[in-house]
Amino acid sequence: MLKQLRSACLLMSCAGLALLLPVRVSAQSLVYLSQWGSFGSAPGQFYYPRGIAVDALGNVYVADSGNSRIQKFTGDGVFISQLGTEGTGDGQFPFNGPRAVAVGPTGDVFVADFAGGLIQKFTSVGAFLSKWTMPNPYGVAVGVSGEVYVVDLNNAQIQVFTSDGTPLSTWGGGGQFYLPLGVAIDPSGFVYITDENNHIQKFTSTGSFLAQWGTTGAGNGQFNIPYGVASDAAGNIYVTDMNNNRVEIFSSGGAYLGQLGSTGSGNGQFSLPVGIAVSNNGKVYVVDHLNNRVQVFGSGPTPVRTQSFGALKAKYR
């Protein structure tokens, strides 16, 4: 399904030291809080955004794929700056290039440039630092020690590098994955991979398989293309269930905890949720791809109530 996606897409500050301290939030108490974005190319607008990351200070980075840039915002959605422009030079991205973004422990920003076949590295203020060739980079995450984990989509494997691009290891080949899409690392260093075959797999930091969960469907704990994945401070795992237009939440061992969202364009609804990130203060940021916006969820007084409206089909890549 995802192998036909390229043509489909063509159609279409620091708030204080408290932000540095992780806040543990009950996954079952999350509610819709806010949103920002609309279709366009002005600051704060998006052209089919994909990936998202949050740094230790709560700043949000969004891979604005169709506009060939990374946009940086405050945690409340106020535009700060732009990283990258359209092009093929250092610090530039081809159309539909930036698919995923991650922030390292020192604040450097890593971008999976799928169309360019590169990982590009920037400072937090957007200065280009370096790049290295990487076939089919689709997802990216950075470990607590600075190792960069990259989803090599078409080769169905994970490649691990130093923060400067020196290869460290490759794992997951030989049929371990079908089409891996997203990667996340929890506070304990465990690595989670989403796969188009509707599985989530959990590994040690060195690639030893630990667990797997998920089946095809629309029920609790089932998926119709799990895309983005993120971890909170408590180790709970958040997965964007793309074609079911929701976010599913699990324990680190795969126990189903709850979900967010339904199909639509209203508050708390999605039209192909893709990238996802969780801040240190417990806010969950979701890239709502076809609605060209970022939606924010956080703790509330009552458990989230959800309703399923069926799957929005898409041939997506």
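Our structure's up above, just so we're on the same page.
To start, this report covers the structure provided alongside it. Remember, it's a predicted structure, so these values are computed and weren't measured experimentally.

### Let's talk about the sheet that holds strand β23 (residues 237–241)
The 4 strands are arranged β22-β23-β24-β25 in an open sheet whose pairing can be described as antiparallel. Bordering the open sheet on either side are β22 (226–231) and β25 (256–260), each of which pairs with just one other strand. Averaged over all pairs of adjacent strands, the angle between strand axes in this sheet comes to 20°, irrespective of strand direction. Here β23 runs beside strand β24 (residues 246–250); their pairing, made up of 5 bridges, is antiparallel. Each residue of the ladder has a partner; that of Tyr238, found in β24, is Ile249.

### Let's talk about the sheet that holds strand β4 (residues 69–73)
Strand order across the open sheet formed by 4 strands is β2-β3-β4-β5, with antiparallel pairing between neighbours. Each having just a single partner strand, β2 (52–54) and β5 (79–83) make up the two edges of the open sheet. On average, adjacent strands in this sheet sit at an angle of 20° to one another, irrespective of strand direction. The pairing of β2 with strand β3 (residues 60–64) spans 3 bridges and is classified as antiparallel. Bridge assignment links Ala53 to a residue of β3, and that residue is Tyr61.

### A short note on the packing of aromatic side chains
By the definition in use, this model includes 22 aromatic pairs. Geometrically, the ring pair formed by Phe39 and Tyr48 is tilted, given 6.1 Å between the ring centres and 50° between the ring planes. Take Tyr48: its relative accessible area is 15%, and that puts it in the buried class. Measuring from centroid to centroid gives 5.4 Å for Trp132 and Phe161, while their planes differ by 45°, and the two rings are tilted. Of this pair, Trp132 sits in strand β11 (residues 128–133) while Phe161 sits in strand β14 (residues 157–161), placing them 29 residues apart in sequence.

### With respect to the nonpolar core
Generally speaking, nonpolar side chains in soluble globular proteins are found buried as a group. Of all hydrophobic cores here, the largest spans 35 residues; its most connected members are Trp36, Ile52, Val60, Tyr149, Ile158, Val191 and Tyr285. A total of 3 residues in this core trace back to one element, the largest contributor, which is strand β16 (residues 180–185). Apart from the residues lying within four places of it in its own chain, the contact partners of Ile158 are Tyr149, Val150, Val151, Ser169, Thr170, Trp171, Phe177 and Ile193.

### Here's the deal with the pattern of salt bridges
With the rule as written, the count across this model stands at 8 salt bridges. For Lys131, the salt bridge is made with Asp90, and the minimal N-O distance between the two is 2.8 Å. Of the two residues, Lys131 sits in strand β11 while Asp90 sits in the loop between β6 (85–86) and β7 (92–93), which places them 41 residues apart along the sequence. The shortest N-O distance in the salt bridge between Arg246 and Asp241 comes to 2.7 Å. Residue Arg246 is classed as buried on the basis of its relative accessible area of 3%. For Asp241, a relative accessible area of 0% corresponds to the buried category. Where salt bridges share partners, they join Asp108, Lys121 and Asp164 into one cluster.

### Some points on the pairing of strand β27 (residues 284–288)
Each regular strand shows side chains that alternate between the opposite faces of the sheet. For β27, the buried fraction is high: 5 of the 5 residues fall into the buried class. The alternating pattern of β27 places Val284, Val286 and Asp288 and Tyr285 and Val287 on opposite faces, both of which are buried. Pairing geometry for strand β26 (residues 273–278) and β27, over 4 bridges, is antiparallel. If you follow Ile276 over to β27, its bridge partner there is Val286. Hairpin connection, β26 to β27: the antiparallel pair is bridged by 5 residues, and Gly282 has positive phi, about 85°. Linking β27 to strand β28 (residues 293–299), which pair antiparallel, is a turn of 4 residues; within it Asn292 sits at a positive phi near 50°.

### What about the environment of Val229?
Mapped onto the secondary structure, Val229 falls in strand β22. On the accessibility criterion, Val229 (7% relative accessible area) is buried. Along the chain, Val229 and Tyr192 lie 37 residues apart, while their C-alpha atoms are 7.4 Å from each other.

### Quick look at unusual backbone geometry
One non-glycine residue, Asn136, adopts positive backbone phi at about 55°. Looking at where Asn136 falls in the secondary structure, it is placed in the loop between β11 and β12 (137–142). Positive phi values are uncommon outside glycine, yet Asn245 reaches one of about 50°. Examined against the element boundaries, Asn245 turns out to sit in the loop between β23 and β24. Judged by relative accessible area, which is 0%, Asn245 ranks as buried.

Definitions and cut-offs
Here the residue numbering is sequential within each chain, running from 1 through the sequence in written order. In keeping with the model being predicted, local features are shown solely for residues with a pLDDT of at least 70 and side-chain atom pairs are shown and tallied solely at 80 or more, while totals for entire chains, interfaces and linings include all residues. Excluded from the side-chain calculations are hydrogens and water; all other atoms, namely the structure's heavy atoms, are used. Being paired, for any two strands, means DSSP has found at least two bridges between them. Each helix corresponds to a stretch of at least 4 residues labelled H or I by DSSP, and each strand to a stretch of at least 2 residues labelled E; elements are numbered beginning at the N terminus. The axes used here are C-alpha line fits, helices contributing only the stretch in contact, and every angle between their N-to-C directions lies in the interval 0 to 180 degrees. Only rings of Phe, Tyr and Trp enter the pairing, Trp through its six-membered ring, and a pair is recorded when the two centres are within 6.5 Å. The plane angle decides the type: under 30 degrees is stacked, over 60 is edge-to-face, the rest tilted. Think of it in three bands: with a 1.4 Å probe and only protein chains considered, a residue is buried below 20% of the maximum accessible area for its type, exposed above 50%, and partly exposed in between. Residues belong to one nonpolar core when they are buried, are Ala, Val, Leu, Ile, Met, Phe, Trp, Tyr or Cys, and are joined through side-chain atoms within 4.5 Å. In this analysis, two residues are considered to be in contact whenever any of their non-hydrogen atoms come within 4.5 Å of each other. One speaks of a salt bridge when a side-chain nitrogen belonging to Lys or Arg is within 4 Å of a carboxyl oxygen belonging to Asp or Glu.

Geometric values such as these leave the question of function open.
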